[in-house]
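What follows is the residue order along each chain.
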Amino acid sequence: MSKKISHTLVGGRTVAGTGGQGLKVGSQGKLYWLDVDEVTLIPWTFQGSNYGYSIGGDGSANNIEKFTFASAGNASNVADLTRSVHNIAGTSSADHGYSIGGASSDVIDRFANASSANSADVGNITVSRGVGAGCSSATHGFIAGGDAESVVPDVIDKYAFASSGDSVDWGDISGNRSGGAGASDTDYGYAAGGTQSSGYVNIIERFPFASSAGTSDVGDLTGAITWGSGVSSTTN
């Protein structure tokens, strides 16, 4: 993705880079001047600016529904997933939405934001599971934990947005946990709440996108819950 900017002061810069005025999203989720290697410019965030999507779920089978941010209004059914599934995790790149796993599923589905075409199966996660926490960096999608019916894995999966392919094991959450709510900032993914063998938990954990170090405990919810919905702003 590239954008044009007209002599705007960015990150303290007073003139355009020598490569021109084009800005490009770099591998660390930050904007770079084309042909100028700088890492202190505007960070990329995955929050959309035009539309939101609701995908799959009990009662809506394989629907991909789209609604506008610009005004109040109902959603419209614009496309279909490759399968009817519930308890999926969702992630987002700049150009595509992803449906990850689900009940007894290991499928990574991808659909384009710019069209109403049906999704395509572009890979598989390491373990078939539902109710995992979905998180997004600028370049990769992640699913943390989940319920594989016979076992509750503690794995964090990572897959690339740039190409089709299976996910890889990218570390672990602190316990075998499902039903956590996923959220993302520029550098970290978060899993909040969920269910472990001891019951519902209120833990807020985060893991770095840049390494497979696993999660760390960074706080608690006000109560122990599971199957919550995760939402992210640029600051909270």
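Every value quoted in this text rests on a predicted model; they were computed, and no experiment measured them.

Engineer: Even after reading the chapter, I still don't get the overall build of the chain, so can you show me in this structure?
Structural biologist: The helix and strand inventory of the chain stands at zero helices and 18 strands. Residue pairs at least 24 apart in sequence account for 39% of intrachain contacts in the chain once pairs closer than 6 positions are excluded. Accessible surface, the chain as shown: approximately 11800 Å² in total, 48% of it carbon and sulfur.

Engineer: I tried to follow the pattern of salt bridges on my own but got confused; where do I start?
Structural biologist: Pairing between side chains becomes possible if they bear opposite charge and their charged atoms approach one another. One pass over the full model with this rule turns up three salt bridges. In this structure, Asp157 and Arg129 form a salt bridge, with 3.4 Å as the shortest nitrogen-oxygen distance. With Asp157 in strand β13 (residues 155–160) and Arg129 in the loop between β10 (120–124) and β11 (133–136), the pair connects residues that are 28 residues apart, well separated along the chain. On the basis of relative accessible area, Asp157 is assigned to the buried category, the value being 0%. The buried category is assigned to Arg129, whose relative accessible area is 0%.

Engineer: Looking at this structure, I do not really get the sheet that holds strand β7 (residues 89–92). What am I missing?
Structural biologist: Strand pairing in a sheet takes place through backbone hydrogen bonds and is either antiparallel or parallel in direction. Strand order in the open sheet formed by four strands is β7-β8-β9-β10, with antiparallel pairing between adjacent strands. Edge strands, defined here as strands with exactly one partner in the open sheet, are β7 and β10. The average undirected angle you get between the axes of adjacent strands in this sheet is 25 degrees. Bridge count for strand β8 (residues 96–100) against strand β9 (residues 107–112) is five bridges, and the pairing is antiparallel. Note that in β9 the partner of Ile100 across the bridge is Ile108.

Engineer: Looking at this structure, I do not really get the sheet that holds strand β6 (residues 76–80). What am I missing?
Structural biologist: Strands sit in the order β4-β5-β6 across an open sheet of three strands; the sheet is antiparallel. A strand with exactly one partner marks an edge of an open sheet, and here the two such strands are β4 (51–55) and β6. On average, adjacent strands in this sheet sit at an angle of 30 degrees to one another, irrespective of strand direction. Across four bridges, the pairing between strand β5 (residues 63–68) and β6 is antiparallel. When the bridges of β6 are listed, Asn63 appears paired with Asp80.

Engineer: I tried to follow the pairing of β8 on my own but got confused; where do I start?
Structural biologist: One face of the sheet, then the other: side chains in a regular strand alternate in exactly this way. With four of five residues buried, β8 lies mostly within the body of the structure. Strand direction decides the pairing type here: β7 and β8, joined by four bridges, are antiparallel. Residue pairing across strands places Thr91 opposite Tyr98, the latter belonging to β8. Between the end of β7 and the start of β8, which pair antiparallel, lie three residues. Connecting β8 to the antiparallel partner β9 that follows it, the hairpin turn spans six residues, and Gly101 within it adopts a positive phi of roughly 60 degrees.

Engineer: Quick question: what am I supposed to make of the confidence of the model for the chain here?
Structural biologist: The share of residues in the chain with pLDDT of 70 or more is 79%, and the mean pLDDT across the chain is 82. For the chain, per-element mean pLDDT is lowest for strand β1 (residues 2–4), which scores 42, and highest for β10, which scores 96. Within the model, pLDDT remains below 50 along residues 1–21, and this stretch shows 36 contacts once partners closer than five positions in the same chain are excluded.

Engineer: I keep staring at the environment of Ile204 and nothing clicks. Help me out?
Structural biologist: When you line up the elements, Ile204 lands in strand β17 (residues 199–208). Ile204 has contacts with Tyr190, Ala191, Ala192, Ser216, Asp217, Val218, Gly219, Asp220 and Leu221, leaving out every residue within four places of it along the chain.

Engineer: Mind showing me how you'd approach unusual backbone geometry here?
Structural biologist: Keep in mind that most residues, glycine aside, have a negative phi and that most peptide bonds are trans. Phi angles above zero are rare outside glycine, and Ser104 is one such case at about 60 degrees. Inspection of the secondary structure assignment puts Ser104 in the loop between β8 and β9. The phi torsion at Val131 lies on the positive side, around 45 degrees, for a residue other than glycine. Positionally, Val131 belongs in the loop between β10 and β11.

Engineer: Whenever I open this one, the nonpolar core confuses me. Can you help?
Structural biologist: The tendency in soluble globular proteins is for nonpolar side chains to be buried as a group. In this structure, Ala133, Cys135, Phe142, Ala144, Ile156, Trp170, Ile173, Ala191, Phe207 and Phe209 together form the largest nonpolar core, which totals ten residues. Mapped onto this core, the elements with two or more residues apiece are β11 and β12 (140–144). When sequence neighbours within four positions are dropped, the list of residues in contact with Phe142 reads Thr91, Ala133, Gly134, Cys135, Ser137, Ile156, Asp157, Lys158, Tyr159, Trp170, Phe207 and Phe209. Of all hydrophobic cores here, the second largest spans nine residues; its members include Ala89, Ile125, Ile143 and Phe161.

Rules used throughout
- Residues numbered from 1 in each chain as written.
- Predicted model: local features only at pLDDT ≥ 70, side-chain atom pairs only at ≥ 80, totals over all residues.
- Heavy atoms only, no water.
- Helix = DSSP H or I, 4+ residues; strand = E, 2+ residues; numbered from the N terminus.
- Contact = heavy atoms within 4.5 Å.
- Areas by Shrake-Rupley, 256 points an atom, 1.4 Å probe, with all protein chains shown as cover.
- Salt bridge = Lys/Arg side-chain N within 4 Å of Asp/Glu carboxyl O.
- Buried < 20%, exposed > 50% of the residue type's maximum accessible area, 1.4 Å probe, protein only.
- Pairing = 2+ DSSP bridges.
- Axes fitted to C-alpha atoms, helices over the stretch in contact; angles between N-to-C directions.
- pLDDT = per-residue confidence, 0-100.
- Core = buried A, V, L, I, M, F, W, Y, C linked by side-chain atoms within 4.5 Å.

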